[in-house]
Amino acid sequence: MEKTGLNGITGGKGISPSDILIRVQKAMTVLEASRAAVAVSPLETEIQEFSLPEIPADAGLLKVDATGICGSDWGMYQRKDPGPRILGHEMVGTIVALGDIARDKWGVSEGDVVALEEYLPCGYCEYCRSGEYRSCLSTDSRIPGSIRYGSTPVSRDPSLWGGYSQYLYMHPRTVLHRVPDGVPNHIAAMALPIGNGFQWAVMDGGAGPGKSILIQGPGQQGLGSVIGAASAGADVIIVSGLAKDKHRLDVALELGAHHVVMVDEQDLAAEVERLTNGRMLDIVLEVSGAGPEVINEHLALLRKRGIMQIAARKGSVADFDMNQIINKQITFKGLRGHSYDAVELALGAMATGRLPLEKMSSHVIGLKDLDHALRMVGGEADEPSIHITVEPWKE
């Protein structure tokens, strides 16, 4: 069976009558249930069906058009706790139902295309009040009782908490962004990793005119950091990786990197010294899967008062060289997540159409191929990828 309904679809500046009609058609038909790919146990996916919830006045329902696979999904896919769940948090979709309070609060209408963040912040703690809602304890998936898109179990009503599903429940604390007209779904699904790049390289790292940065790791987060650093006008952008990453390193150059280094074939320290004319680096951004032993090596690449940033978990570092931190007065930062402004910058970069973002989008799949795609991201499938998009309506 199907539900039909239409509320609050309006035009706006620059929106043609045909665009309005398309939005009306998208919002008119809503199915009674949602198919979703559920991570039922470590490394096992099942396609299940869930009834659609009643939507209260302060919530909404999203028809998911596309969801990107984040590297963190692979880690969650290997875990048993917190139980069966619908993974996926890089979501883009069309709003198909809205309560009156949600419509006023979010400033959107049925038929609007939006990108969601993974966070469901409380809105009143000191982190939320200062704009740093990514640190809100209510959205930290490591804390019992918290909720977050892509990691909340299906046992918690109304179950539709992840993007690998045809529909998603829009919780009252949802953080959303309008997707600019003309940006395809599979590109808009990269808003969060590219937003991370703007956050880490520019807003946290200070990349810009006169600055040099090494981005260690040419995955989707690293390439997002290239976009951020290049957009900010950094003087020297170096991306390092392995020889097997050559296709990703080539994409890095197309996105704005000035130099690439294959660390298993070239001496990274010697290359950094050469490429910076001996000045060394202002910023090192570590987003690779390399082990903790690289930390001391990367500290040696920094100039005095440089910034060392870690966004990929490393565990404990044996014989951590604290003397380098002291002698060079290095700032050491741990990075996690993105701000609202960073995601807006990512969507703005997409809207220009000047970046070859299609080069980052390596695969577009349906729900039935999710297990294989996650294994590609985890390196278990012998098939190169950068950013994989799941379109839950794709057969």
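Going by the structure above, here's the rest.
Let us look at the structure shown here. (Residues numbered from 1 in each chain as written. Predicted model: local features only at pLDDT ≥ 70, side-chain atom pairs only at ≥ 80, totals over all residues. Heavy atoms only, no water.)

### A closer look at the nonpolar core
No. 1: The biggest cluster of nonpolar side chains holds 48 residues, and the ones touching the most others in it are L62, I69, I86, L116, Y149 and Y164.
No. 2: It is strand β6 (residues 90-98) that contributes the most residues to this core, five residues altogether.
No. 3: What I69 contacts, discounting residues up to four positions off in sequence, is E90, Y164, Q220, L370, A373, L374, V377, H387, I388 and V390.
No. 4: Formed by 45 residues, the second largest nonpolar core is a distinct cluster that contains V113, A188, A189 and L192. (Core = buried A, V, L, I, M, F, W, Y, C linked by side-chain atoms within 4.5 Å. Buried < 20%, exposed > 50% of the residue type's maximum accessible area, 1.4 Å probe, protein only. Helix = DSSP H or I, 4+ residues; strand = E, 2+ residues; numbered from the N terminus. Contact = heavy atoms within 4.5 Å.)

### Structural notes on the side chain of R103
No. 1: Within the secondary structure layout, R103 lies in helix α3 (residues 100-106).
No. 2: Within the structure, the side chain of R103 is placed 3.3 Å from the backbone oxygen of L98, a separation counted as a polar contact. (Polar contact = N/O pair within 3.5 Å; in protein donor to acceptor, adjacent residues only side chain to side chain.)

### Things to note about the side chain of H177
No. 1: In this structure, H177 sits in strand β9 (residues 176-178).
No. 2: Taking relative accessible area as the criterion, H177 reaches 1% and is therefore assigned buried.
No. 3: For H177, the side chain forms a polar contact with the side chain of E117, separated by 2.6 Å.
No. 4: Side-chain polar atoms of H177 contact the side chain of E344, separated by 2.6 Å.
No. 5: Residue contacts for H177: discarding those within four places in its chain leaves V113, V114, A115, E117, Y340, V343, E344 and L347.

### Points about the packing of helix α7 (residues 220-232) against helix α8 (residues 246-255)
The relative placement of two packed helices comes down to the angle between their axes together with the axis-to-axis distance.
No. 1: Running from amino to carboxyl end, α7 crosses α8 at an angle of 20 degrees, the nearest separation of the two axes being 9 Å. One way to sum up the angle between α7 and α8 is to call them roughly parallel. As for the relative orientation of α7 and α8, their crossing is right-handed in sense. Taken together, the residues of α8 that come into contact with α7 (itself represented by L223, V226, I227 and A230) are R248, V251, A252 and L255.
No. 2: Tallied by class, the residues present in the contact of α7 with α8 amount to seven nonpolar, no polar and one charged. (Axes fitted to C-alpha atoms, helices over the stretch in contact; angles between N-to-C directions. Parallel < 35°, antiparallel > 145°, perpendicular 65-115°, else oblique. Left-handed = near helix turned anticlockwise from the far one by under 90°. Nonpolar A, V, L, I, M, F, W, Y, C, P; charged D, E, K, R; others polar.)

### Some points on the pairing of strand β12 (residues 259-262)
No. 1: Here strand β11 (residues 236-241) pairs with β12 via four bridges, running parallel. Within β12, the position partnered with V239 by the bridge is V260.
No. 2: Viewed along the sheet, the connection from β11 through α8 into β12 turns out right-handed. (Pairing = 2+ DSSP bridges. Right-handed = clockwise from strand over helix to strand, strands pointing away.)

### Notes on unusual backbone geometry
No. 1: In this chain, D81 is followed by P82 through a cis amide linkage whose omega measures 10 degrees.
No. 2: Relative to the helices and strands, P82 resides in the loop between α2 (71-77) and β6.
No. 3: Cis geometry is found at the peptide bond from D157 to P158, where omega equals 5 degrees.
No. 4: Take P158: it is sitting in the loop between α4 (126-129) and β8 (167-170).

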